[in-house]
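So the chains spell out like this:
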Amino acid sequence: MAEPFRRHDLVRVDPAAWDAWRADRPDLGAVPHLEGWASAGRPLIVRRRVPGETGDPVPLGLPLPPADGKRRIGLALPASALSPVPAVSLAEAAAHAPASWGPAVDALTALGRRHGLVPRPFGSLLWQAVTGLTYLSAASDLDLLWPCRLPVPVGLLDGIAAVAGTAPMGIDGEILLPDGAGLHWRELRDAPEDGSVLAKSLDRLALQGVAGLRGPGPA
């Protein structure tokens, strides 16, 4: 049966389920922001399962703001306690980015349009946009997801690299394949045709051959 959620999906947690989980984690009682996180409608993100995690609970993550230690809280909850949150596009999150990022964000959004794609932020920009808390700093990168059908256009990969070459921040992120696997965009761009790249999915890490992954696209 297909997974109800995929890695990088945003979800909201039923407040009662959240409170029950917190009651089982007294070690996290003093951690800032956790109390009321669910009742405020703030989301969590679906993460990759770590070794030893099995069964039906959905693996979730909650990164705290850098000012609160930049700690990453990991947990797993039943799918019945979760509701999906619509994906946030880069264009929607752009208002929360530093002004100096504007030209690069505009260029990446336009690049997506040329290829019929909608890039989505994750990392600091996403969390600042969906929580209202401060996650971005002068050292932050822009982390993006590019959901793509196969083959991934070479022009897209070259376009991301071109923007990254002049952007004031690092540009990181993944190409998301139709099966939910994520490939680092630069690794996919630079790998030889007979090489392989690391594919990250909800429940596994695997090397995937490059042959057939890249192809022509819009000019």
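About the criteria used
Residues numbered from 1 in each chain as written. Predicted model: local features only at pLDDT ≥ 70, side-chain atom pairs only at ≥ 80, totals over all residues. Heavy atoms only, no water. Pairing = 2+ DSSP bridges. Helix = DSSP H or I, 4+ residues; strand = E, 2+ residues; numbered from the N terminus. Axes fitted to C-alpha atoms, helices over the stretch in contact; angles between N-to-C directions. Contact = heavy atoms within 4.5 Å. Buried < 20%, exposed > 50% of the residue type's maximum accessible area, 1.4 Å probe, protein only. Salt bridge = Lys/Arg side-chain N within 4 Å of Asp/Glu carboxyl O. Polar contact = N/O pair within 3.5 Å; in protein donor to acceptor, adjacent residues only side chain to side chain.

Per an unreviewed UniProt entry, the recorded name for the protein is Phosphoribosyl-dephospho-CoA transferase, and the organism is Methylobacterium phyllosphaerae.

Chemist: An account of the sheet that holds strand 4 (residues 72-77) is requested, with residue identities and associated values reported.
Modeler: Read from one edge to the other, the open sheet built from five strands follows the order 4-3-2-1-5, with strand pairing classed as antiparallel. With partners counted over all chains shown, the strands left at the sheet margins are strand 4 and strand 5 (82-85), one partner each. If you compare each strand with its neighbour and ignore which way they point, the axes differ by 40° on average. Pairing of strand 3 (residues 58-63) with strand 4 involves six bridges; the strand directions are antiparallel. Paired with Gly61 across the bridge in strand 4 is Gly74. In this fold helix 1 (residues 15-23) packs onto strand 1 (10-13), strand 2 (44-46), strand 3 and strand 4, with an angle of close to 115° to the strand it touches most, strand 4.

Chemist: Tell me about unusual backbone geometry, residues and numbers included.
Modeler: Among all residues save glycine, negative phi is the norm, and among peptide bonds the norm is trans. Across the junction of Leu150 and Pro151, the peptide omega takes the value -5°, indicating a cis bond. With respect to the helices and strands, Pro151 occurs in the loop between strand 7 (142-147) and strand 8 (152-153). In the Ramachandran plot, His8 falls in the positive-phi region, its phi being about 80° despite a non-glycine side chain. The exposure class of His8 is buried, given its relative accessible area of 9%. In the Ramachandran plot, His33 falls in the positive-phi region, its phi being about 80° despite a non-glycine side chain. Here His33 is to be found in the loop between helix 1 and strand 2.

Chemist: Can you lay out the pattern of salt bridges for me, pointing to particular residues and giving the numbers?
Modeler: Evaluated as defined, the whole model comprises six salt bridges. A salt bridge links Asp27 to Arg25; the shortest N-O distance between them is 2.7 Å. The exposure class of Arg25 is partly exposed, given its relative accessible area of 27%. In this structure, the salt-bridge partner of Asp158 is Arg189, at a minimum N-O distance of 2.8 Å. Residue Asp158 is located in helix 5 (residues 154-166), and its partner Arg189 is located in helix 6 (residues 185-190); the two are separated by 31 residues in the primary sequence. What you see here is one network of salt bridges that share partners, running through Asp158, Arg189 and Asp190.

Chemist: Just give me the short version of the side chain of Ser140, but keep the residues and values in it.
Modeler: Here Ser140 shows up in the loop between helix 4 (124-131) and strand 7. Classification of Ser140 as buried rests on a relative accessible area of 10%. In terms of polar contacts, Ser140 uses its side chain to reach the backbone amide nitrogen of Ser137, at 2.8 Å. Sequence-distant contacts of Ser140, that is, excluding residues within four places in its chain, are made with Trp101, Ser124, Tyr135 and Met169.

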